[in-house]
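# Residue-level structure breakdown
What follows is each chain in one-letter form.
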Amino acid sequence: MKVSPRLLLLPFSWLFCLIARTRNYLYNTGVFKSNTYSIPVISVGNITVGGTGKTPLTELLIKTLSPQFKCALLSRGYGRKTKGPVLASEKSTPSSIGDEPKQMHLKYPDLTVMVAEKRILGIQQLLNLSTPPDIILMDDAYQHRPVTPGFSILVTDYYRPMHQDFCLPAGNLREPLSGRKRANIIIVNKCPKDLSEKERETIIKSLKPYPHQQVFFSCINYQPPRKLFNGKAPSSKSDFSKHPILAMAGIGNPAPFFREAQKHGSQLKTLTFPDHHDFSSADVKKMILKINEAGPEAIMLTTEKDAVRLQHKGLPTELSEKIWYIPIELKILFNQQDTFIKTVEHYVRKN
């Protein structure tokens, strides 16, 4: 009988779980200090490793709150090659602030973007700016306990239910499931657009939310592909029908992206890199080789996050002219988007 390699890691998962549970207890009881702030601080994060769709949710919050309040995004800046707090500027690159912060800075020029491993130092610098923010959005900070956010949003993946998982390394949980109690809102993301009311109720029962928590469901809406360097959008999906497609992704969970790329052409090849991967010259050569193998009419479809990193690589024309990316948006299901937005706005205005 063949035993799954992950099962062999269970003893280490129990140890990891014990350490994480003890750490949470020490923060919850005040043995370890956690800082609070007088302005609204909203945390967006997850318990599960890998992509759960935090970035499009953060974008929804930025688009919703920015017209009324001066917002700042505070991120660790995963994958950057700098250290300490760094305030994003026009000269910032994915190497200096990370790919996701750079993506946000490009899309929302009026957004203040700060990266810092120690969020306390990042918040201090934000509050010391000549024009400090009204709201701080902390990205991927659910386990960053030195800061106690005023409002926490926990994102989970429909296809990878956290209530059916267990701690690393045998499972995918960053901490025991009991940690979900810190969330004000739980969002089940990447749901089918036609998710039934019956399944919705089943999932809510499985999640066992606490009385103070609201549960929302969301899906990812893929937008028409755009060309990497001139922003041109195709007039229709048929524009790609005669082109073999190389779908390239360096994200946490590329499977949904590959399914979407498949809709744009019948001839699809895939190329996968690790999440936040810093593309090397060898990687670029590999992309060119794969496209050439697919034929002279082939194009490359990639994610918006990967596109940000590729833009700063000085790509040869033979590759850059063939790259398109697919933007995404998050939509709250069951006609509850207004309810979700009002819930967040209520916290902001109250504080």
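Now for a quick tour of the structure. Remember, it's a predicted structure, so these values are computed and weren't measured experimentally.

## Things to note about a nonpolar patch on the surface
Side chains of L15, L18 and I19 sit close together on the surface and give an oily, nonpolar patch of about 310 Å² of accessible area. Residue position: L18 is located in helix 1 (residues 10-28). L18 sits in the exposed class, given a relative accessible area of 52%.

## What to know about the packing of helix 2 (residues 54-65) against helix 4 (residues 99-107)
Look at helix 2 against helix 4: their axes get within 12 Å of each other, and the N-to-C directions meet at 30 degrees. When the axis of helix 2 is compared with that of helix 4, the two are roughly parallel. The hand of the helix 2/helix 4 crossing is right-handed. Together, T55, T58, E59 and I62 of helix 2 and E100, Q103, M104 and K107 of helix 4 make up the contact between the two elements. Class assignment for the residues of the contact of helix 2 with helix 4 results in two nonpolar, three polar and three charged.

## Points about the nonpolar core
Grouped together as the largest cluster of nonpolar side chains are 33 residues, with contacts concentrated most on I42, L57, L65, I153, F340 and V344. Counting 20 residues, the second-largest nonpolar core is a separate cluster that includes M162, I186, V215 and F217.

Each value, and the rule that gives it
For every chain, the first residue of its written sequence is number 1, and the numbers climb from 1 along that sequence. For a predicted model such as this one, the threshold for reporting local features is a pLDDT of at least 70, and the threshold for listing and counting side-chain atom pairs is 80 or more; totals across whole chains, interfaces and linings nevertheless cover every residue. Water and hydrogen atoms were dropped before computing side-chain values, which therefore reflect all heavy atoms in the structure. A residue counts toward a patch only above 30% relative accessible area and without a salt bridge, and it is joined to like-charged neighbours within 9 Å or, for Val, Leu, Ile, Met, Phe, Trp and Tyr, to nonpolar neighbours within 5 Å. Reported accessibility uses the Shrake-Rupley method at a 1.4 Å probe radius. Residues are deemed covered only where the shown protein chains occlude them. Any carboxyl oxygen of Asp or Glu that lies within 4 Å of a side-chain nitrogen of Lys or Arg is treated as forming a salt bridge with it. Secondary structure counts use DSSP, requiring at least four H or I residues in a row for a helix and at least two E residues in a row for a strand, with both numbered from the N terminus. The classification of residues rests on relative accessible area computed with a 1.4 Å probe and restricted to protein chains. Under 20% of the type maximum is buried, over 50% is exposed, and intermediate values are partly exposed. To obtain an axis, a line is fitted to C-alpha atoms, over the contacting stretch when the element is a helix, and the angle between two such axes runs from 0 to 180 degrees between their N-to-C directions. Should an angle fall under 35 degrees it is taken as roughly parallel, and over 145 as roughly antiparallel, whereas 65 to 115 is taken as roughly perpendicular and any remaining angle as oblique. If you view the pair so one helix is near and one far, a crossing is left-handed when the near helix is turned anticlockwise from the far one by less than a right angle, and right-handed when it is turned clockwise. By the convention used here, residues are in contact when the closest approach between their heavy atoms is within 4.5 Å. For this scheme, ten residues count as nonpolar: Ala, Val, Leu, Ile, Met, Phe, Trp, Tyr, Cys and Pro. Four count as charged, namely Asp, Glu, Lys and Arg, and the remainder, Gly too, count as polar. To define a nonpolar core, start from buried Ala, Val, Leu, Ile, Met, Phe, Trp, Tyr and Cys residues and group those joined through side-chain atoms within 4.5 Å.

Function cannot be read off these values alone, since they describe shape.
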